[in-house]
Each structure stands twice: as structure tokens, then as C-alpha cells.
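Understanding the architecture of this molecule
Given next are the chains, with one letter for each unit.
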Amino acid sequence: MSPERQALYKEIKSFIEECTAIPKEVNIIYQYTNIESLFNGIVVKEPKKKGEEICLWASNYMYMNDPNEIATGQKYVDELLKEYFIEDSSDKIVQDLEDSPDYYITSFSMNRDSLPMWGMYGKNGAGIALGFDRAIIEKANSTLYKCSYLSKDLRDKIKAFCEKVKGEKISKKTLDFIFIITLFALLINKDKKQKEEMIDTFIPFLLFTIYAKDPAYKYEDEIRLLIHSDQDAKIKYRVQNNLIIPYIESLFPKEALKIVLVGPTNDMKRTIRSIKRYLDFKGFHEVDVVESKVPYRG
């Protein structure tokens, strides 16, 4: 690849990282759930070893809440590639990721005490929000990214950037070759530095398809942990909303859990007391259990 093309990809990568970067001041990230999930698996009943006291599920991306999950980003990136970077504009550039169903997502939110999040994911206010230490989650697993909601302002910003960096278009055949070689190398390469260098080619576009969302979901302020796995031995299944959903378990140390926020429609005093007592019993002595301040009847 020419130095000019390498410089272009680096600029694109930096721009996408800027769009998906979590603000530095966000130290705690939240997962809205129910008390049953905390008791039945998030706090591991019998950890196999130290540092595996918390278990979070990463669900297959095709079964996320948004029915157009991933497709929104795929369609938008395809439009950008055709307009600014690829000379063959008749064919679909970004192929459907349904052909590669090995991506799993754990979702968090930057919102500590959100009314719509309680209603959507917190058992209509009778659930809990678990606050996790962002740095510990990243250290134990992988990089977290912020979802980008494709509002008019963001679309205008992206268009302005593409106008700035556009140059001579490359052929679809060349792009396919770059993508296939890069993806194959990423899957088999364990060298972190080399992976980062390869990401400077086509992967930024792929990442943006995964982290771009419809602006209707802006209230979530979602942060995602993405896992790629094609190892059937790691995949488990659960039933939800009349679907059998594949998922992967990710293990974290108990120090990752910093706070349990009790939803506004709970029997507050007794719920706080029961959660605190159970966490103490499991050795989570440093976790704060506090009540929501949202005025919500459910």
C-alpha cells in the first residue's frame, strides 16, 4: 500500500476512534438489569479461581434490542464508501455480517440513573443498575467503545471529514483483497502491535458498522464490549422473548463492581438491605448499595 493510502487510513482510523471514544471523565459504566440476574449468575456462586467472581453475558449481535442492529451502520458505511472511496459503486460494498455471526456484545450505559433506562431495561423500575469500574473491565477483557448515534450533526461532521480526506478512489476488487487479508491476519495473529498496524487499513470501517446506531436509541448512551469468537465450546444458549439466543460468558474480578443502584419502584429499604447482605456474604464488602433518585411509579 502506498504511503499516501496508509496516511489516509490512519486519518480515518483516528476519526472513527474520536467518534467512538468514551469521555475521559466516565469512570463508572452501568448495566441495567434485574435482581434475579445478580443472584443467578452475575455474582458467581462458586468461582473457579480468584479474579472470576463476576460473570457478564455477551449476546450474539443478531439478537440485540434494536431490530436493525448493525444494519444501520452497514448501510451508512456502504453509502460513504461508494461516494468517497470506492470507484465501483453498483455493488454492495459492506457485506452483511449475518454471514459471519461470531460477534458478541456486552452493553453498558454512561447514564447512572436514567428514567427511560429503568423503564426499558430495569424491570420497569423494580430492577437494579450495576456500576462497573471502566478501567478494570478494559484491563480484564478488551477495549470499550461508545456507540455513535447517527444524528444530523454527526452525519454532517462525517461528511465534512470525508470531503477533507477523499482522494483517488480504489477499485472494489482492491478493497475486497485488503479486507480479506486484514481480517484473516487479525483472526490468526496474536501480536498486539501487528494487529494495531493492520487495523489501520480496512477494519475502521468494519468497527463503525458495529458501533453506529439509530438516533432513536440516544437515550441509552451505550458503551459496548465486543468479542469475536467462533469457538463453539465457549458458546451457551438462553431463552428470551421467544428466541434461543447464543451468548458467551466473560469473567471479571469482584473489584470491578463498585455500586448497585436500586430501582425507584422497589421496596427500597428491604431491597437495599437484602442486596447488601448477600454481597457481604459473597465477599463484595466494598460495593455501595444505594437508592435511585428518579421519581418514578412504574
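Details of the structure are given in the entry above.
Scope of this entry: the structure provided in the associated data block.

**Here we look at the pattern of salt bridges**
- Tallying each qualifying case throughout the model produces 12 salt bridges.
- Where Lys152 meets Asp156, a salt bridge forms, and the shortest distance between an N and an O atom there is 2.8 Å. Note that Lys152 and Asp156 are positioned in helix H6 (residues 152-165) at a spacing of four residues, about one turn of the helix.
- Note on Asp156: relative accessible area 38%, which makes it partly exposed.
- Between Asp267 and Arg270 there is a salt bridge, with its nearest N and O atoms 2.7 Å apart.
- Look at Arg270 and you get exposed, because its relative accessible area is 55%.
- Several salt bridges share partner residues, and in doing so they unite Lys213, Glu220, Glu222 and Arg224 into one network.

**As for a nonpolar patch on the surface**
- Together, Met62, Tyr63 and Leu243 make up an exposed nonpolar region whose accessible area comes to about 250 Å².
- Structurally, Leu243 can be placed in strand S10 (residues 243-252).

**Examining the nonpolar core**
- In terms of nonpolar packing, the biggest core is built from 30 residues, with Ile54, Phe132 and Val260 touching the most fellow members.
- Within the residue set of this core, elements represented by two or more residues are helix H2 (35-42), strand S2 (54-60), strand S4 (128-133), strand S8 (222-228), strand S11 (257-262) and helix H10 (268-281).
- Residue contributions to this core peak at five residues, all from H10.
- For Val260, the residues in contact, after removing those within four places along its chain, are Ile128, Ala129, Leu130, Ile275, Leu279, Val287, Asp288, Val289 and Val290.

**Digging into the pairing of S10**
- With six bridges joining them, S2 and S10 adopt antiparallel strand pairing. Note on S10: the bridge partner recorded for Ala58 is Ile248.
- Relative to S10, strand S9 (residues 235-240) is paired through six bridges, and the arrangement is antiparallel. For Lys236, the partnering residue across the bridge sits in S10 and is Tyr247.
- Here S9 folds back onto S10 in antiparallel fashion, the turn holding two residues, of which Asn241 has a positive phi close to 55°.

How each quantity is defined
- Residues numbered from 1 in each chain as written.
- Predicted model: local features only at pLDDT ≥ 70, side-chain atom pairs only at ≥ 80, totals over all residues.
- Heavy atoms only, no water.
- Salt bridge = Lys/Arg side-chain N within 4 Å of Asp/Glu carboxyl O.
- Helix = DSSP H or I, 4+ residues; strand = E, 2+ residues; numbered from the N terminus.
- Buried < 20%, exposed > 50% of the residue type's maximum accessible area, 1.4 Å probe, protein only.
- Patch = residues over 30% accessible without salt bridge, like charges linked within 9 Å, V, L, I, M, F, W, Y side chains within 5 Å.
- Areas by Shrake-Rupley, 256 points an atom, 1.4 Å probe, with all protein chains shown as cover.
- Core = buried A, V, L, I, M, F, W, Y, C linked by side-chain atoms within 4.5 Å.
- Contact = heavy atoms within 4.5 Å.
- Pairing = 2+ DSSP bridges.

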